[in-house]
Amino acid sequence: RQLSEEEQMEKSAIMMQKKFRAWQVRKATRAMMILEGKKEVFAAMKMQSRFRGLLARARKRIQEKKERLERLRVKDLKNRDPRTAMLNRTKSKIMTDDDRRQMYLLEQDLEMEMQKRSKRTMLMRPNTRFAVIWKCLFVFCISLEISQKVFDPVLAKYKDTRTGERLNFEGVLNSAFVPTPIEMRPKCYHQKHIPLHGQKNKSPKTDGTTNAAESTTTATTTHSRKMKKKAPWYCHNPYASTLTTYINALRFLIHNFLVLVSCICFLDVFVTFFTGELNEDTGVLVPKAFFTRWILPGVVLQMLVNPMMGQVFVALKAVMRWAHVVGPGRCWRWCVSFISPALGYAWYLFEWKVWRRLVKSENKHTYK
């Protein structure tokens, strides 16, 4: 809800008091540390003062460049206007070639500074929570994929005792992690099959022969299980329905875990590319070296060993065939008019609404 004027004033006063008290505590702590006379404290204070001085001078230099560029732009605008150009007879008001060259150089310098700052804000620290959790998840997915490739040929030699089918890695995961359904637990339901209400078992044919497939289908469709009268608490809702939902979700994840692994491996290329490294001398977050970032173990190696690349190549092949059928000229017009702007806008949304916000929030919480 919207705060009233008095509530806003009270909230502002509380915030000011909080900031002032925190500043007093920091000042008192700093004074106590100075009185103790530790060399580490004095060294840290000198480094902080040096870095703060460098930052203040850099900010002042950029601000002076912006003000000078703004004055030159106003001067150039007045000289371009024919009504005010006649009044600019003085030498200081005339836009010379040197002023114009200086204006272009200032624009280039500020644009380069903005690009450097933009690139730095795209980098994530390697010791953040997201980077650590992502790497653990990536290693876990790779381990699952390698395990499936290794154990599938070995498990195919054996058969499941319950179903009679050949074992596979998915069946082993289901038996290991999926809990037993409520309907299959003896403490909850009677294990004897009983007919459903209003239905009767089909009798054998009059000629004395019985169709085995028909009788089996009838048995599986007409019988049900009856819950015991003194069943435990976990046999009733909402616990039974919650367990059923959990089992279905877990089976779905296990059945489609290869798709999840492929997506994580594909996105790991992007995450690794925009994860920087800390400089050993200064501790500043910098991009990785060219060879490390692009070749080994960079984008090229990850694209070669990524399990998703096979499906990507199949999709690209299908797109190329479709483009050949439709026509290169028409596909080019579609790309220029619709596909490229749509991809650019999607990248803009992902960069500014998702990734930069994630990097800004995660770089504040790091592990030592």
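Residues numbered from 1 in each chain as written. Predicted model: local features only at pLDDT ≥ 70, side-chain atom pairs only at ≥ 80, totals over all residues. Heavy atoms only, no water.

Colleague: Outline the packing of helix H6 (residues 169-177) against helix H8 (residues 239-255), listing residues and values.
Modeller: Interaxial distance between H6 and H8 falls to 10 Å at its minimum, and their mutual angle equals 155°. On the basis of the axis angle, H6 is roughly antiparallel to H8. Once H6 is placed against H8, the crossing between them reads as right-handed. Contact with H6, carried on its side by Glu170, Leu173, Asn174 and Phe177, involves Leu250, Arg251, Ile254 and His255 of H8 and no other residues of that element. Tallied by class, the residues present in the contact of H6 with H8 amount to four nonpolar, two polar and two charged. (Axes fitted to C-alpha atoms, helices over the stretch in contact; angles between N-to-C directions. Helix = DSSP H or I, 4+ residues; strand = E, 2+ residues; numbered from the N terminus. Parallel < 35°, antiparallel > 145°, perpendicular 65-115°, else oblique. Left-handed = near helix turned anticlockwise from the far one by under 90°. Contact = heavy atoms within 4.5 Å. Nonpolar A, V, L, I, M, F, W, Y, C, P; charged D, E, K, R; others polar.)

Colleague: Describe a nonpolar patch on the surface, and please don't skip the residues or the numbers.
Modeller: A cluster of nonpolar side chains, namely Phe290, Phe291, Trp294, Ile295, Leu296, Val300, Leu301 and Leu304, defines an oily patch on the protein surface of about 800 Å² accessible area. Among the secondary structure elements, those contributing two or more residues to the nonpolar patch are helix H10 (290-295) and helix H11 (299-305). Looking at which element gives the most residues to the nonpolar patch, the answer is H10, with four residues. By secondary structure assignment, the location of Ile295 is in helix H10. (Patch = residues over 30% accessible without salt bridge, like charges linked within 9 Å, V, L, I, M, F, W, Y side chains within 5 Å. Areas by Shrake-Rupley, 256 points an atom, 1.4 Å probe, with all protein chains shown as cover. Salt bridge = Lys/Arg side-chain N within 4 Å of Asp/Glu carboxyl O.)

Colleague: Lay out the environment of Cys188 in plain terms, naming residues and giving numbers.
Modeller: Note on placement: Cys188 falls in the loop between H6 and strand S1 (194-195). In this structure Cys188 comes out as buried when scored by relative accessible area, which is 0%. In sequence terms Cys188 and Lys228 are 40 residues apart; their C-alpha atoms lie 5.8 Å from each other. (Buried < 20%, exposed > 50% of the residue type's maximum accessible area, 1.4 Å probe, protein only.)

Colleague: Just give me the short version of the confidence of the model for the chain, but keep the residues and values in it.
Modeller: In this model, the chain carries an average pLDDT of 78, and 85% of its residues clear a pLDDT of 70 or more. By mean pLDDT, helix H7 (residues 212-222) is the weakest element of the chain at 38, and helix H13 (residues 328-362) is the strongest at 89. Residue range residues 194-223 is modelled with pLDDT below 50. Its contacts to residues more than four positions away, or to other chains, number 20 contacts. (pLDDT = per-residue confidence, 0-100.)

Colleague: Lay out helix H9 (residues 257-273) with the relevant residues and their values.
Modeller: With 17 residues, H9 ought to run about 24 Å at 1.5 Å a step, and its terminal C-alpha atoms sit 24 Å apart, in line with that. The axis of H9 is deflected most strongly, by about 25°, at Leu267. Phe257, Val261, Ser262, Ile264, Cys265, Asp268, Val269, Phe270, Val271, Thr272 and Phe273 are the residues of H9 that are buried. (Expected span 1.5 Å × (residues − 1). Bend = angle between axes of the 7 residues up to and from the residue.)

Colleague: Outline the pattern of salt bridges, supporting the account with residue identities and numerical values.
Modeller: By the definition in use, this model includes seven salt bridges. Among the salt bridges present, the one from Arg101 reaches Asp98, with a minimum N-O distance of 2.8 Å. Taken together, the residues span about one helical turn, with Arg101 and Asp98 both in helix H4 (residues 97-122) at a distance of three residues.

Colleague: Please provide a residue-by-residue account of the environment of Phe151, values included.
Modeller: Locating Phe151 in the fold gives a position in helix H5 (residues 129-155). Classification of Phe151 as partly exposed rests on a relative accessible area of 41%. Distance from Phe151 to Leu167, taken between C-alpha atoms, is 9.9 Å for residues 16 residues apart in sequence.

Colleague: If you had to explain the layout of surface pockets to someone new, which residues and values would you point to?
Modeller: The probe, sized like a water molecule, is rolled over the atoms to show the empty space still left. Reported here for the largest pocket is a volume of approximately 1,200 Å³. Around the largest pocket, the lining comprises 27 residues; the ones closest to its centre are Leu55, Arg59, Arg117, Arg120 and Thr121. When contributions to the lining of the largest pocket are tallied by element, the ones reaching two or more residues are helix H2 (39-80), H4 and H13. Residues that form the lining of the largest pocket fall into these classes: 11 nonpolar, five polar and 11 charged. (1 Å grid on protein atoms, 1.4 Å probe; cavity = no way out; pocket = protein on both sides within 12 Å on 5 of 7 lines; lining within 4 Å. Points joined across faces, edges and corners; volume = space filled by probe spheres on them.)

Colleague: Provide a residue-level description of H13, including the pertinent values.
Modeller: Look at H13: only 44 Å from first C-alpha to last across 35 residues, short of the 51 Å you get at 1.5 Å a residue. Cys335 marks where H13 bends most, by close to 50°. Considered for burial, the residues of H13 that qualify are Cys331, Glu351, Trp355, Arg356, Val359 and Glu362.

Colleague: Describe the packing of H4 against H13, listing the residues and the values that go with them.
Modeller: Look at H4 against H13: their axes get within 9 Å of each other, and the N-to-C directions meet at 65°. What the angle tells us is that H4 and H13 run roughly perpendicular. The segment H4 lies against H13, with Ser118, Thr121 and Met122 engaging Trp347, Glu351, Trp355, Arg356 and Val359. Tallied by class, the residues present in the contact of H4 with H13 amount to four nonpolar, two polar and two charged.

Colleague: A description of the environment of Leu72 should follow, citing residues and the corresponding values.
Modeller: Tracing the backbone through its elements, the reader meets Leu72 in helix H2. According to the relative accessible area criterion, Leu72 is buried, its value standing at 8%. Taking the C-alpha atoms as reference points, Leu72 and Arg100, separated by 28 residues in sequence, lie 7.7 Å from one another. Once you skip the residues sitting within four places of it in the chain, Leu72 turns out to touch Met95, Asp99, Gln102, Met103 and Leu106.

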